[in-house]
Amino acid sequence: MRADIVVLPGDGIGPEVTAAAVRVLETIATSFGHEFRFARHRIGGDAIDATGEPLPDETLAACRDADAILLGAVGGPKWSTSEPRPEQGLLALRKSLDLYANLRPVRPEPVALDAAPIKPHLLAGVDLLVVRELTGGLYFGERQRDADGASDLCRYSVAEIERVVRRAAQLAQRRHRRLVSVDKANVLETSRLWREVTTRLVRDEFPGVQLEHQLVDSMAMHLIARPREYDVIVTENLFGDILTDEASVLAGSMGLLPSASLGEDRRGLYEPIHGSAPDIAGRDIANPCGAILSGAMLLRHTLGLPEEAELIEAAVSDALANGAMTADLAAPGRAIGCSAMADAVVDSLRHRLTDCPVVAELRD
Ligand code: IPM
Ligand code: MN
């Protein structure tokens, strides 16, 4: 397998965590005889500093030509009042490539349960997937500001709702066939449309999928109170942004969570859901697991390499289970750094690879 992968390190801890993810992907490439070509480009504040633009044309062109994109993070206090802002680079990239379905899986690692502020018995067995609509709604509506106020327009077309709900229902079909659609249909017109379209689409196209509607405020409560009950959750852009930060608490650390942003074809943008964490940037203490696991999602969703993806996921679990943990998870005085965490994952991966029949065949 040959693949061109654009790496967008971005700001804050982005460069450290993407470097870790690239090391892990390179280990996979060498072992399985794949050829992954990595090309680094600028985005966010880093790109603003170099070119004045958060998404330079040259970066967008490289992303359009690539098979997949691996991104670190964008933003930071340095650019908090700048115009354009770093975040606009990421939003423009998602929109330009029409990456409308953002997959954010949450499966707490057993060893991370101690780090979660929620009772462990509520977390055991949690395995949920949030599908967040990523190219519509309030994020992309017209914005206005005048002397005495401001407004942001929220609009969803039927087609925009259909395509993301269809993707979520397809994913639910391959999991436990339970789909919860989250809206605010007791107040918002866009949510009433969302509910109607979702009800019809799931009834007509996915009779085997059990659909439930939840209002976003009560969903925020249930997600923490009974997270084990959920399989796939689909929702609009802003609600998905908020609920996935909340869901990350279930995993013990936001630093563990990956994401995939997908469109109609196989190309995708892969990024950890944590932000740029400027307070810890450049100190080699960030958790690279979210970025490494985003690399695994890249192998699964864009390159069609599920076995390699599972090996990376297992290697991350092994490393954590063996006590390798960054400061967000470790007991006081036991933390290792970002690059040491990457070493631990690569070591665990090598162990797993020794027992892997496909790799053994390639070796012999
Ligand atoms: C995320 C982030 C972004 C978002 C920001 C950086 C624009 O919070 O990916 O969740 O709000 O979508
Ligand atoms: Mn967010």
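Relevant structure appears above.
Residues numbered from 1 in each chain as written. Chains lettered and ligands numbered in written order. Predicted model: local features only at pLDDT ≥ 70, side-chain atom pairs only at ≥ 80, totals over all residues. Heavy atoms only, no water.

1. So, the pattern of salt bridges
This is how the line gets drawn: Only one rule defines a salt bridge in this text: a Lys or Arg side-chain nitrogen within 4 Å of an Asp or Glu carboxyl oxygen. Helix and strand assignments come from DSSP, with helices taken as H or I runs of at least 4 residues and strands as E runs of at least 2, each series counted from the N terminus. We call a residue buried when its accessible area falls under 20% of the maximum for its residue type, exposed when it is over 50%, and partly exposed in between, using a 1.4 Å probe and counting protein chains only.
Scanning the model with the defined rule gives 22 salt bridges in all. Here Arg 37 ties to Asp 4 by a salt bridge, and the two come within 3.0 Å at their closest N and O atoms. Pair noted here: Arg 37 is in strand S2 (residues 35-40) and Asp 4 is in strand S1 (residues 2-10), with a separation of 33 residues, a long-range link. Under the relative-accessibility criterion, Asp 4 is labelled partly exposed at 30%. Glu 313 is the partner of Arg 300 in a salt bridge, and the nearest nitrogen-oxygen pair spans 2.9 Å. With Arg 300 in helix H10 (residues 289-301) and Glu 313 in helix H11 (residues 306-321), this pair connects stretches of sequence that are 13 residues apart. Owing to a relative accessible area of 26%, Arg 300 belongs among the partly exposed residues under this scheme. Each member of the salt-bridge network shares a partner with another, and the members are Arg 107, Asp 127, Arg 175 and Asp 231.

2. Section: the sheet that holds S2
Just so we agree on the cut-off: Two strands pair under a simple rule: DSSP has to find at least two bridges between them. Note on geometry: axes are lines fitted to C-alpha atoms, helical ones only across the stretch in contact, with angles between N-to-C directions running from 0 to 180 degrees. Any two residues whose heavy atoms approach within 4.5 Å at even a single point are treated as in contact.
Spatial ordering of the open sheet is given by S2-S1-S3-S12-S11-S4-S5-S10-S8-S9, a layout of 10 strands whose pairing is mixed. The sheet is open, and its two borders are formed by S2 and strand S9 (210-215), each paired with just one other strand. Ignoring strand direction, the axes of neighbouring strands in this sheet form an average angle of 25 degrees. Where strand S4 (residues 101-106) lies against strand S5 (residues 128-133), 6 bridges are found, and the strand directions are antiparallel. Bridge pairing in S5 places Leu 103 opposite Val 131. Set on the sheet, helix H1 (residues 14-32) makes contact with S1, S2 and strand S3 (68-73); between it and S3 the angle comes to about 145 degrees. Contacting S4, S5, strand S8 (178-183) and strand S10 (232-235), helix H9 (residues 237-248) runs over the sheet at an angle of about 150 degrees to S5.

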